[in-house]
Amino acid sequence: MPISAARRIAFDVLQRVEAEGAYASDELHAELGASVKPADAGLATELTMGVLRWRRLVDFLLERQLKKPVEKLDLPVALALRMGIYQLRFLERIPARAAVNESVDLVKRARKSSAAALVNAVLRRAAAEARIPAEKLLAPDLPPAERLGILHSYASWMVERWLARLGEARTIALLEANNRAPRLSCALHDAAHRSEAIAELERAGLRVEPGRLLNAAIAVSGGSPARTEAFRAGKISIQDEASQAIPLLLGVRPGDRVLDLCAAPGGKTPALVRAAGGNGLIVATDRHAHRVRAMRAQFERLALGGTHLLELDAASPLPFRIEFDRILVDAPCSGTGTLARHPEIRWRLRPEQFSEFHQLQSRMLQAALAHLAPGGRLVYSTCSLEPEENKDVVADILRWNHGGIRLVPLGELAQTLAPYLAPGAAASELFDDAGQFRTFPGDRLTDGFFAAAFQAI
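J.: Tell me about the overall build of the chain, and please be specific about residues and values.
T.: For the chain, the helix and strand inventory stands at 19 helices and 12 strands. Its C-alpha atoms give the chain a radius of gyration of 23 Å, near enough to 23 Å, the size a compact globule of 457 residues would have. The principal-axis extents of the C-alpha atoms in the chain amount to approximately 70 × 50 × 40 Å. Taken across its 457 residues, the chain has 55% of its residues classed as buried.

Written as structure tokens, this is what we have:
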């Protein structure tokens, strides 16, 4: 019997994620075209994201049977075993026989037939203990970070730093939130066509709910919005609600000159273009040519003309002779606020990178501030939860630019955001005591984002 399309797609995507450093969401988007049945697309996504989210626990369970580290295996063998045990442990509706047999077939398809007997034996033994709670299989004397790291599937160093900063209850809530499939949100680009776009999504079989944070946001389930006419026609984009909120904090006015640094893939730029209007100037940049090309394709889908796209390094002095009224620095970061959406990050991130991101972001802000017009506003944002990248960068910038800039106070930022909020969403709940924008995974079913706004004096 042939291998199911869902398992074949998941296996191939996982190989590219592990071997090439690809991102699973991008690879799935490329693989799950219109020719793939919705049921296969759903299972392929579940298998891919599930294996990545639960990799440490899955490897712990496998190593009970293997008696050696999973990393010692050839990658195709390791992936087939991970997919098999994920199905046995987490997907009750899939028969154990199907999980085992198709994992064996995947190894053979990858030309690793010599490992077929090993995969078969390991998964059959694992199936016998698939209903035993994982916590009962742990040694009783494990340190808290190690125990939580295995049970919730994170690196111990990551859990340890969150325990020290957030405490046990808040850390567990974060771990659990990142192991749930994230809410799939979309931005509606034209309020006048809201009903039309929603009707097209519903005709495609998707369920649509209003946004929890923003009026212009909706949440969808039951399928992929990227496969709908509403998406192809540029009426919607797939974008987390917290991400949608970031460009709104700039308070762009008609005719403003706006610089969007690190803009790719271009999700935040459309809001800036619409706010600036036909008399505004919008410059969107990225360091990498292929990401600039992706932005151009995105803007063509949205029929978003008049945006100047540039390839440049935002951490170096910028080549502009003008000043900008509004600047967005959506900086490269660790991405710890998006671990539910990008679970592969938790296996790639290293502790020393927080300092590296801190330095990079500080250089970008310094370069951008040199081109901020008097009275202009700059918004610095990340999808990170880590203080090294967020409040520590803000503190450095205020210290280095003493007297030249100020933080935009909470009242002004809340007033800027308030017109866009959904009913029941209070602006005051979205800012901390320092007046900086924060969302936390699990609180509002959004990714974790941070933003601070500076004003040139």
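J.: A description of the pattern of salt bridges should follow, citing residues and the corresponding values.
T.: Considering all chains together, one arrives at 29 salt bridges under this definition. As a salt-bridge pair, D59 and R82 come within 2.8 Å of each other at their nearest N and O atoms. With D59 in helix α4 (residues 55–66) and R82 in helix α5 (residues 75–90), this pair connects stretches of sequence that are 23 residues apart. Each member of the pair D59 and R82 is classed as buried.

J.: Quick rundown of the sheet that holds strand β3 (residues 217–221)? Include the residues and the values.
T.: Ordered by their spatial adjacency, four strands build an open sheet running β2-β3-β1-β4, and the pairing between neighbours is antiparallel. Each edge of the open sheet is held by one strand with a lone partner, namely β2 (207–210) and β4 (236–238). Strand-to-strand twist in this sheet, taken as the mean axis angle between neighbours without regard to direction, amounts to 35°. Across three bridges, the pairing between strand β1 (residues 184–188) and β4 is antiparallel. Counterpart to C186 in the pairing with β4 is I238. Together, β1 and β3 form the strand contacts of helix α13 (residues 241–248), whose direction differs from that of β1 by roughly 35°.

J.: Which residues make up the packing of α4 against helix α8 (residues 144–152), and what values do they have?
T.: Between α4 and α8, the least distance of the axes is 6 Å, while the angle of their chain directions is 95°. When the axes of α4 and α8 are compared, the pair comes out roughly perpendicular. Side by side, α4 and α8 meet where R56, L57 and F60 of the first sit next to E146, G149, I150 and L151 of the second. Across the contact of α4 with α8, the residue classes break down as four nonpolar, one polar and two charged.

J.: Go over the packing of aromatic side chains, please, and point to the residues and values.
T.: A full pass over the atoms with the stated rule returns seven aromatic pairs. Here the aromatic rings of W54 and F90 are separated by 4.9 Å at their centres, their planes lie at 35°, and the arrangement is tilted. Separated by 36 residues along the polypeptide, W54 in the loop between α3 (38–53) and α4 and F90 in helix α5 bring together distant segments of the chain. Classification of F90 as partly exposed rests on a relative accessible area of 27%.

J.: Any details on the environment of V100? Residues and values, ideally.
T.: As for its placement among the helices and strands, V100 is situated in helix α6 (residues 96–109). When the C-alpha atoms of V100 and D443 are compared, they prove to be 38 Å apart, with 343 residues separating the residues in sequence.

J.: Which residues make up the side chain of S334, and what values do they have?
T.: Looking at the secondary structure, you find S334 in the loop between β8 (324–330) and α16 (345–348). Within the structure, S334 has its side chain in polar contact with the side chain of S384 (distance 3.3 Å). Among the polar contacts listed, one links the side chain of S334 to the side chain of E389, at a separation of 2.6 Å. With residues near it in sequence (within four places) discarded, S334 still touches I345, L349, F354, F357, S384, E386 and E389.

J.: Would you mind going over helix α9 (residues 156–166) in detail, with residue names and values included?
T.: Within α9, burial applies to S156, M158, V159 and W162. The arc that holds the buried residues of α9, viewed along the axis, is 155°, so those residues lie on one side. Facing away from the buried side of α9 by over 90 degrees, the exposed positions are E160 and A164. Turning to α9, the residues buried within the fold contact α4, α8, α10 (168–178) and α16.

Rules of the game
Residues numbered from 1 in each chain as written. Predicted model: local features only at pLDDT ≥ 70, side-chain atom pairs only at ≥ 80, totals over all residues. Heavy atoms only, no water. Helix = DSSP H or I, 4+ residues; strand = E, 2+ residues; numbered from the N terminus. Rg over C-alpha atoms; globule rule 2.2 N^0.38 Å. Buried < 20%, exposed > 50% of the residue type's maximum accessible area, 1.4 Å probe, protein only. Salt bridge = Lys/Arg side-chain N within 4 Å of Asp/Glu carboxyl O. Pairing = 2+ DSSP bridges. Axes fitted to C-alpha atoms, helices over the stretch in contact; angles between N-to-C directions. Contact = heavy atoms within 4.5 Å. Parallel < 35°, antiparallel > 145°, perpendicular 65-115°, else oblique. Nonpolar A, V, L, I, M, F, W, Y, C, P; charged D, E, K, R; others polar. Phe/Tyr/Trp six-rings, centres within 6.5 Å; stacked < 30°, edge-to-face > 60°. Polar contact = N/O pair within 3.5 Å; in protein donor to acceptor, adjacent residues only side chain to side chain. Arc of directions from axis to C-beta.

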